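Structural features, examined
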Amino acid sequence: MHAPPDSSNAKPDPIDPTPMSDRQRLAELIRASRRCVVFTGAGVSTESGIPDFRSPGGIWSRMKPIYFDEFVGSEARRREAWTRTFSGSRAGPGPGPTPAITPSPG
């Protein structure tokens, strides 16, 4: 696993001696990569249509979370958790990429 680029180590382009910004360095790393995985927070997922848990209309307003102590202390809560897990219902908008995660051509 590679560490994130450090702006203090950014090397100037031999043609353009101006040091690359962190954003430019990140863009270059992504361009040079065969594969790229990005872990994001809730702001990106909700913008792409994936419901969050806490907002009105979110999953927790429709389905109370089952906390660990409830899960281990109650057979009924375990059955409910497993029913939710294997019910086939999805939290997301459906299959396929959303505009936020659609790869760019080239």
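No experiment lies behind these values; they were computed from the predicted model shown.

The rules behind each value
Sequence positions are assigned chain by chain, starting from 1 and proceeding in written order. A pLDDT threshold of at least 70 governs which residues receive local features in this predicted model, and a stricter bar of 80 or more applies before side-chain atom pairs are shown or counted, although totals over entire chains, interfaces and linings include all residues. Each side-chain value is derived from all of the structure's non-hydrogen atoms; neither hydrogens nor water enter the calculation. The helix and strand labels rest on DSSP assignments: H or I over at least four residues marks a helix, E over at least two residues marks a strand, and numbering proceeds from the N terminus. Two residues qualify as a contact provided that any one of their heavy atoms is within 4.5 Å of a heavy atom in the partner residue. Computed by Shrake-Rupley with a 1.4 Å probe, the accessible areas treat only the displayed protein chains as cover when residues are assessed. Here the aromatic set is Phe, Tyr and Trp, taking the six-membered ring for Trp, and pairing holds for ring centres within 6.5 Å; pairs whose planes are under 30 degrees apart are stacked, those over 60 apart are edge-to-face, and all others are tilted. On a scale of 0 to 100, pLDDT captures the predictor's confidence in every residue. Classification of residues uses two cut-offs on accessible area relative to the type maximum, computed with a 1.4 Å probe and protein chains only: under 20% is buried, over 50% is exposed, and between them is partly exposed.

For the rest of this paragraph, the subject is the overall build of the chain. Helix and strand content of the chain: five helices and zero strands. When the elements of the chain are put in sequence order from the N terminus, they spell out α-α-α-α-α. Pairs at least 24 residues apart make up 21% of the contacts formed inside the chain by residues separated by at least 6 positions. Summed over its atoms, the accessible surface of the chain is roughly 9300 Å², and 59% of this surface lies on carbon and sulfur atoms.

With that out of the way, let us pick up the packing of aromatic side chains. In this description, an aromatic ring pair is defined by two values, namely the gap between the centres and the angle between the planes. One pass over the full model with this rule turns up two aromatic pairs. Note on W82 and F86: the rings are 5.7 Å apart at their centroids and 15° apart in plane angle, and the pair reads as stacked. Of this pair, W82 and F86 both sit in helix α5 (residues 75-86), separated by four residues, roughly a single helical turn. Aromatic ring contacts, followed pair by pair, group F71, W82 and F86 into a single cluster.

Moving on: the confidence of the model for the chain. Detailed reading of predicted coordinates is not advised where the pLDDT is low. When the pLDDT values of the chain are averaged, the result is 74; 64% of them are 70 or greater. Taking the mean pLDDT of every element in the chain, the minimum, 70, falls on helix α2 (residues 42-47) and the maximum, 96, on helix α4 (residues 68-73).

By the element assignment, R77 lies in helix α5. Residue R77 is classed as buried on the basis of its relative accessible area, which comes to 18%.

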